[in-house]
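Breakdown of the fold
One letter stands for each residue in the lines below.
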Amino acid sequence: MTSYSVKQLAKLAGVSIRTLHLYDEMGLLKPSTRTEARYRLYGEKELLRLQQILFYKELDFPLQEIGNILNDPDFDLLTALESHKAVLNLRSKRIATLIVTIDKTIKTLKKGGTMLKPEELYEGLPKETAKAYRNEAIQKYGASAVNQSEHQLRKMSKEQLAKLSSEQKEVKAKLASLIHEDPANDKVQQEVARHYEIIRKFWGTHGSTDSQAKSYIGLGQLYVNDERFMMCDGIPQPESALFFSKAMSYFAKTKL
């Protein structure tokens, strides 16, 4: 049976040697054998497990959660592959939509124009979904608040809006990686503080004297009550939603 060294496997999978060492230390991916010189060797079983790890990472699962999934006695490789295929097909359709939207925006900006429709601010969402979200936001927060948010976002450049969206994704991923911590933990609360500042920018109220503590708590409740707001590639994340809600509520009650 063919065996692969750490260096060979790293090159084959497109990851760093340090990453494989980390996975070994975490118990996420152990080598099949170790030589007398303590060199790690990996076989076919480990290659398949690494493939699963990378698939789940691509879908933004925290490493600890990936380990729990793969170590579950009921885990079935074929079922997992079928699920990955379905999710990636959905992602490819979303990316295709994004590319069309980006092309339209580039053409508009090159002609000296600006974004023409508020829906275009809802990056990556299908038109029908964007309209539904906007209408629901108006019903919940009022047209004035929604218009203010959209007005502030339209004042941003394409690069600024992309950076803000990237920061939001980054902080949500960081919080998701802390899901097994106490929501009141300092590490968690530091990330919640970043999340709060980003949300205020999306609301168009960053820097205002009103801390909007109740609204921020309400947003956390929305994550729990409406699974659409805590979906990852079409998959609900109820555990993450509850964690986010508790952490946001604690932050609002103690810091705002």
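Higher on the page you've got the structure.
Our subject in this report is the structure included herewith. Everything numeric in this text was worked out from a predicted model, so none of it was measured. (Residues numbered from 1 in each chain as written. Predicted model: local features only at pLDDT ≥ 70, side-chain atom pairs only at ≥ 80, totals over all residues. Heavy atoms only, no water.)

**Some thoughts on the packing of aromatic side chains**
According to the stated counting rule, one finds five aromatic pairs in the structure shown. Both rings, one in Tyr56 and one in Phe61, keep their centres 5.2 Å apart while their planes meet at 75°; by these two values the pair is edge-to-face. By the burial criterion, Tyr56 is buried, and Phe61 matches it. Judged by centre distance (6.1 Å) and plane angle (70°), the ring pair of Tyr216 and Phe251 falls under edge-to-face. Of this pair, Tyr216 sits in helix H10 (residues 213-225) while Phe251 sits in helix H11 (residues 238-255); the two residues are 35 residues apart in sequence, bridging distant segments of the chain. Phe251 carries the same exposure label as Tyr216, and that label is buried. In textbook terms, an aromatic cluster arises when at least three aromatic residues are bridged by ring pairs, as seen for Tyr196, Tyr216 and Phe251. (Phe/Tyr/Trp six-rings, centres within 6.5 Å; stacked < 30°, edge-to-face > 60°. Buried < 20%, exposed > 50% of the residue type's maximum accessible area, 1.4 Å probe, protein only. Helix = DSSP H or I, 4+ residues; strand = E, 2+ residues; numbered from the N terminus.)

**Notes on helix H1 (residues 6-13)**
Here H1 has its buried residues at Val6, Leu9 and Ala10. One face of H1 carries all of its buried residues, which in axial projection span an arc of 100°. Residues of H1 that are exposed and point over 90 degrees away from its buried face: Lys7, Lys11 and Leu12. Tucked inside the fold, the buried residues of H1 contact strand E1 (4-5), helix H2 (17-26), strand E3 (40-42) and helix H3 (44-58). Positive phi shows up at Gly14, right after H1, with a value of about 75°. (Arc of directions from axis to C-beta. Contact = heavy atoms within 4.5 Å.)

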